[in-house]
Amino acid sequence: MDDDDDDVPQLSAHTLAALQEFYLEQQQREGTKTSQGFNQYSVGSIEENWQLSQFWYSDETASCLANEAIVAAGKGGRIACVSAPSVYQKLKERDDKDFSVVILEYDRRFSVYGEEFIFYDYNNPLNLPENLLPHSFDIVIADPPYLSEECLQKTAETIRYLTKGKILLCTGAVMEEQAAKHLGVKICKFIPKHSRNLANEFRCYTNYASGLD
């Protein structure tokens, strides 16, 4: 039997360096959580899962969208975050919580947020808890996970069911026509950014006069 391991796949120097950098970043994050105290609501406290098409907003964008949702909801308002966990997290970081918020999300890791977490699968857009009454939220902010009309159309069913009227949608620029068709929203001047640069241009859309223009 030949013990020669020439046939064993070898990582390129570039791939190995990238892998080492990834593990180092992970170790640094874990060290920060341990040494500084862990804020469960900080954006990125739950890692992105690319297989679920998860890409978190930059801290600045998450703050901007959270502020817009608070203003739009009004005093004592109710906010629903549909597939937009980083906005939910930024809302929960606020000290002045004169509003209530829930997160509708497919990723069950977010169940750590307790009763405010509602499992949500856009394939079953109206499969929602009985206590989630129709038209019971002052604003719905939604970020459909996929850039397809099917995903947007089904998510739109959920949005229309939940909102009293106001909608803040975040999706690709290529979805502008479909967004107008299914939700009656118009593109905003504000351009959202992600913590990692995405290939697709991203935009915000609303159906009301917002602070994002």
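Details of the structure are given in the entry above.
Residues numbered from 1 in each chain as written. Predicted model: local features only at pLDDT ≥ 70, side-chain atom pairs only at ≥ 80, totals over all residues. Heavy atoms only, no water.

Enquirer: What's the story with the packing of aromatic side chains in this structure? I'm lost.
Expert: In the structure shown here, the tally under the stated rule is 4 aromatic pairs. Judged by centre distance (6.1 Å) and plane angle (45 degrees), the rings of F110 and Y113 are tilted. Residue F110 is classed as buried on the basis of its relative accessible area, which comes to 1%. With a relative accessible area of 6%, Y113 lands in the buried category. Feature note: the residues Y88, F110 and Y113 constitute an aromatic cluster, connected by ring pairs. Across from the ring centre of F137, 4.2 Å away, lies the NZ or CZ of R78, which sits over that ring. The positively charged end of K166 is found above the aromatic ring belonging to Y208, 5.5 Å away from the centroid. (Phe/Tyr/Trp six-rings, centres within 6.5 Å; stacked < 30°, edge-to-face > 60°. Buried < 20%, exposed > 50% of the residue type's maximum accessible area, 1.4 Å probe, protein only. Lys NZ or Arg CZ within 6 Å of the ring centre and 35° of its normal.)

Enquirer: How should I be thinking about the sheet that holds strand β3 (residues 117-119) in this particular structure?
Expert: The pairing of strands in a sheet happens through backbone hydrogen bonds and is either parallel or antiparallel. A sheet is described by the order of its strands in space; here 7 strands give the open sequence β3-β2-β1-β4-β5-β7-β6, paired in mixed fashion. If you trace the sheet from one side to the other, it starts and ends with β3 and β6 (186-187), each paired once. Where strand β1 (residues 77-82) lies against strand β2 (residues 99-105), 6 bridges are found, and the strand directions are parallel. Its bridge partner being in β2, C81 is matched across the sheet by I103. (Pairing = 2+ DSSP bridges. Helix = DSSP H or I, 4+ residues; strand = E, 2+ residues; numbered from the N terminus.)

What is shown is where atoms sit, not what they do.
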